[in-house]
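# Structural characterization, general
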Amino acid sequence: MEDFSFDQRYLSALRDQDATAENVLLSRFSKPILCKLRAQLRSPELIEDACQETFLRVLTYFRSGKVLDNPAALPGFVHSVCRNVGLEFLRSHTRQSQLPEDAPDPPDRGPSPEGRMVTEQRKGLVARVLDELPERDRQVLRRIFLDEEDKEVVCAELHVDAAYLRVLLHRARTRFKTIAVKTMAMRGE
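### Points about the packing of aromatic side chains
- Taken as a whole and assessed by the stated rule, the structure comprises five aromatic pairs.
- Seen from their ring centres, Phe 6 and Tyr 10 are 5.2 Å apart, and the 55° between their planes marks the pair as tilted.
- Taking the relative accessible area as the measure of exposure, Tyr 10 reaches 6% and is therefore buried.
- A ring pair is formed by Phe 6 and Phe 29, whose centres lie 5.9 Å apart and whose planes are at 25°; its orientation type is stacked.

### Focus: the pattern of salt bridges
- The full count for this structure, using the stated rule, is 10 salt bridges.
- Here Arg 57 ties to Glu 53 by a salt bridge, and the two come within 2.8 Å at their closest N and O atoms. Residue Arg 57 and its partner Glu 53 are both found in helix α3 (residues 44-63); the two are separated by four residues, about one turn of the helix.
- The salt bridge involving Arg 57 is made with Glu 88; its shortest N-O contact spans 2.7 Å. Taken together, the residues span a long stretch of sequence, with Arg 57 in helix α3 and Glu 88 in helix α4 (residues 74-92) at a distance of 31 residues.
- The class of Glu 88 is partly exposed, set by a relative accessible area of 34%.
- When salt bridges with common partners are traced through the structure, they connect Glu 53, Arg 57 and Glu 88 into a single cluster.

### Concerning the side chain of Thr 54
- You can see Thr 54 is positioned in helix α3.
- Dropping the residues within four chain positions of it, Thr 54 is found in contact with Ile 33, Val 78, Val 81, Cys 82 and Val 85.

### Some details on the layout of surface pockets
- Approximately 160 Å³ is the volume attributed to the second largest pocket.
- Lining the second largest pocket are Val 126, Leu 130, Leu 141, Arg 142, Phe 145, Leu 146, Arg 173 and Phe 176.
- Listing elements by their share of the lining of the second largest pocket, those giving two or more residues are α5 (113-132), α6 (135-146) and α8 (162-187).
- No other element matches α6, which puts four residues into the lining of the second largest pocket.
- When grouped by side-chain class, the residues that make up the lining of the second largest pocket number six nonpolar, no polar and two charged.

Criteria and thresholds
Residues numbered from 1 in each chain as written. Predicted model: local features only at pLDDT ≥ 70, side-chain atom pairs only at ≥ 80, totals over all residues. Heavy atoms only, no water. Phe/Tyr/Trp six-rings, centres within 6.5 Å; stacked < 30°, edge-to-face > 60°. Buried < 20%, exposed > 50% of the residue type's maximum accessible area, 1.4 Å probe, protein only. Salt bridge = Lys/Arg side-chain N within 4 Å of Asp/Glu carboxyl O. Helix = DSSP H or I, 4+ residues; strand = E, 2+ residues; numbered from the N terminus. Contact = heavy atoms within 4.5 Å. 1 Å grid on protein atoms, 1.4 Å probe; cavity = no way out; pocket = protein on both sides within 12 Å on 5 of 7 lines; lining within 4 Å. Points joined across faces, edges and corners; volume = space filled by probe spheres on them. Nonpolar A, V, L, I, M, F, W, Y, C, P; charged D, E, K, R; others polar.

Limitation: the analysis is restricted to geometry and does not speak to function.
Here you go:
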């Protein structure tokens with residue numbers, strides 16, 4: 001594309017709705033604007049609409065009699081309008097609706113302070129009960145339930161088959177439950 005400098009005469013031609021000046025604007029900026037909008041928007045229809053909206057806003061700006069202090073700043077002006085239009089289209093076509101700025105904060109859906117305290121107490125109880133178990137039971141329960149290791153890996157490292165691992169798990173869980181019930185009874189829970 002030939003080198004073209006934007007000057008005050010060109011901006012005046014845009015203001016006066018000169019078709020040649022408008023065609024030059026469209027031919028010079030269509031491709032860069034489409035590339036920029038493709039990076040922001042996904043839908044081809046939205047990209048095309050945003051491109052048309054960008055040119056409409058630029059031409060409306062000059063037709064209303066407004067001018068740029070520096071005519072050489074026209075490319076930057078067009079690209080900034082394009083960016084703003086792209087962001088507007090992105091916001092208006094997102095899947096989740098945007099909350100107004102003055103909307104109240106959404107309620108906290110996390111656990112309540114009491115719920116967090118109960119969870120911490122349960123963690124402490126589990127840790128105490130695990131400490132009272134024999135080493136092998138503790139290791140099996142931790143690896144299977146807490147660390148969520150693959151049962152085949154645990155079987156290989158303990159040198160047992162899957163059927164015997166089930167027996168070990170059953171025994172460890174039974175011992176865990178017995179100790180937990182006894183501990184809770186002693187504490188009055």
